[in-house]
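# Coordinates in review
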Amino acid sequence: MTEKWWKNAVIYQIYPKSFADSNQDGIGDLEGIIEKLPYLKKLGVDALWISPVYLSPQVDNGYDITDYRKIDPIFGDNETMYRLIAKAHSVGIKIIMDFVANHTSDQALWFKESRKSKENFFSDFYIWKDALPDGSAPNNWGSNFGGSAWTWDDMRQQYYLHYYAKEQPDLNWENPRVRQYIYDMMRFWKAKGVDGWRMDVITSISKDLDFPNNPQSYSTSNQQNGPRMHEFIHEMHKEVLAPFGMMSVGESPASTSKDAPLLVDPQREELDMIFTFEHMHVDRKKNDINGRWALQKMDLVELKRILSNWQVDLEGKGWNALYFENHDRARVISRFGNDTNYRYSCATAFATILHGMKGTPFIYQGEEIGMTNPKFELSDYVDIELKGNYEEVVKKNKTLSEEEFLKAVHKVSRDNARTPMQWSSGPHAGFSTVKPWFKVNPNYKKINVETDLSSNQSIFNYYQKLIQLRHNEQLLLDGNYTLLLEKDPNLFLYKRESQQSAWYVLANLSDTPQEMPEIIQKEKAESQFVIKNNPNRTNLKDALAPYEAFIVSI
Ligand code: TEU
Ligand code: CA
């Protein structure tokens, strides 16, 4: 329909470790993805974003890369990856790889060489600084996984910078060689057929070379939008993205809808889309010392305001990436909705809202069958962020009790999304025949692909329809967007409209019935439902059931 394939596309994210285990070692792998291609084709998605599968010690589940051109043996080998790309292409599915270029693993050859001395070819591939006269770190910057962002290296007798784990040293993008090596790596994968990139914390690649202290010790507030960020991204666009027509979606934690066009306005030649974090903070207390673990009740008015700002502010200036879930986020129905009494309605209601918007929707594995957060014991969790933050917040600062922390973990921890994919009610949810690397959610007997597909309330089927709409309806592509009832604390209502047609997209995102909005009641009786999650819905008058949602064409 358009010259940019991703504008009518729905992209599905795979977290390989937890998707499907083909060789029964408890770890998901590439062959597992190949086996599930018919499932993904049936769902109807256009592209797969595959979280990192490169050689890695797996300190951060592959976001710590040792060799960008090698597939980690836990996932298969390079030949399997090439076969996956070819097989996906043969059924019309594109492949987006994860591009982690803010940092590497400390096991990468570059880092091993870099730490050897101050005067070798790789010395300036990372960010090294002398200790302060008293031996302490160069400044008070913090790591996202707890503690200082600086680690002392005995061999080199200097500190190196790491925004994440100490095993994830930050690359020095100031060094043109680093940039050229990265572009070469991208060309390598392009030659293998990769169609685009999801760019991990791409807005962190440029550092403030004055290294000023943060107002608060160990804060991570300095990490985004450094002085040369736009310049570097533009260079990458010129060198690789444009010449090879590769799609790009950048992770951009600090972007607001106002400054987003600086990254995604096509005329600036930087990125195609970015993932904002703004709407992910609507259940988080602002400026709280406990950061992502300081929770409050989800504020729907705020969620509507943020998502709508992105719709409106990017109109004509850039393209949205739409998501509620990914491997760093909890299950949306457990976090913002009701995953027990209204699981089907709630999952499809959030899906309706997201997939009705302008932009490219991303589905995270398991979202399409309404998988939920598990409520594990603290000792069951494995994520490095959770563990690092626990040490910091509960043990060291004592600003949260263990109970409060666990409560927050149950709501928002990254591990909520990382439990193995629930394929069937068989042993280990059909993910593997042996004990998986991370616990299966005990609700798998009830919630799994097999059960969902055979249910008359199938979340999968609903997603399938939403994806078909994305492919077939011009209005979704280019209709403009208007939020209605902006102050309503329970209903999400917006209008999509073009010269030819108009739709209302409506969801009751509460546990209680709600009056049908007057503006809808006034519509013609012969209005057509485009999609609805309540089979009993036949008119535009009756009250909305809890988590009822529909799209109606007027
Ligand atoms: O995430 C970056 C990121 O900022 C968040 O995931 C962060 O951990 C959290 O939101 C802080 O509150 C990316 C990847 O998606 C993540 O999985 C990696 O761990 C991280 O980068 C480092 O590569
Ligand atoms: Ca395996």
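Sequence order sets the numbering: in each chain, residues are counted from 1 along the sequence as written. Whichever chain is written first is A, and whichever ligand is written first is 1; the rest continue in order. Per-residue local features are limited, in this predicted model, to residues with pLDDT of at least 70; the limit for side-chain atom pairs, both in listing and counting, is 80 or more; totals at the level of whole chains, interfaces and linings are taken over all residues. Each side-chain value is worked out from all heavy atoms of the structure, with water and hydrogens disregarded.

### A word on the packing of helix α10 (residues 343–355) against helix α14 (residues 459–472)
Basically, it comes down to this: What counts as an axis is a line fitted to C-alpha atoms, over the stretch in contact for a helix, and the angles between N-to-C directions run from 0 to 180 degrees. Starting at the N terminus, helices and strands are each numbered in turn, a helix being any DSSP run of H or I of at least four residues and a strand any DSSP run of E of at least two. Small angles under 35 degrees read as roughly parallel and large ones over 145 as roughly antiparallel, with 65 to 115 read as roughly perpendicular and the rest as oblique. Contact definition: two residues touch when any of their heavy atoms are within 4.5 Å. Any residue outside Ala, Val, Leu, Ile, Met, Phe, Trp, Tyr, Cys, Pro, Asp, Glu, Lys and Arg is labelled polar, Gly included; the first ten of those are nonpolar and the last four are charged.
Running from N to C, α10 and α14 cross one another at 10 degrees; their axes reach a closest spacing of 10 Å. Looking at the two axes, α10 sits roughly parallel to α14. On α14, the residues touching Arg 343, Tyr 344, Ala 347, Thr 348, Ala 351, Thr 352 and His 355 of α10 are Ile 459, Tyr 462, Tyr 463, Leu 466 and Arg 470. Here the residues of the contact of α10 with α14 sort into seven nonpolar, three polar and two charged.

### Here's the deal with the pattern of salt bridges
Counted only if it meets this: Take a side-chain nitrogen of Lys or Arg and a carboxyl oxygen of Asp or Glu: if they are within 4 Å of each other, that pair is a salt bridge.
Going through the model one piece at a time under the given rule, you end up with 33 salt bridges. Between Glu 167 and Lys 166 there is a salt bridge whose closest N-O contact spans 2.9 Å. Beyond isolated ion pairs, a larger network of salt bridges with shared partners links Asp 60, Arg 292, Asp 328, Asp 383, Glu 385, Arg 414 and Arg 418.

### A short note on the domain arrangement of the protein chain
Under the convention used in this document: Those domain boundaries reflect an automatic or database domain assignment. A 1.4 Å probe defines the accessible area here, and the buried area is the portion of it lost by two parts on being joined, summed over both. A 3.5 Å cut-off defines polar contacts: any pair of N or O atoms within that distance qualifies, except that in protein one atom must be a possible hydrogen donor and the other a possible acceptor, and neighbouring residues in sequence count only when both atoms are side-chain atoms.
For the protein chain, the assigned domains are domain 1 (5–101 + 190–205 + 247–462), domain 2 (109–161) and domain 3 (476–553). Averaged C-alpha coordinates put domain 1 and domain 2 at centres separated by 31 Å. Domain 1 puts eight residues into the contact, and the matching count from domain 2 is five residues. Overall, the association of domain 1 and domain 2 removes approximately 470 Å² of surface from exposure, summing both partners, and the carbon and sulfur fraction of that is 57%. The interface formed by domain 1 and domain 2 contains zero salt bridges. Run the count over domain 1 and domain 2 and you get two residue pairs in polar contact (both at pLDDT 80 or more).

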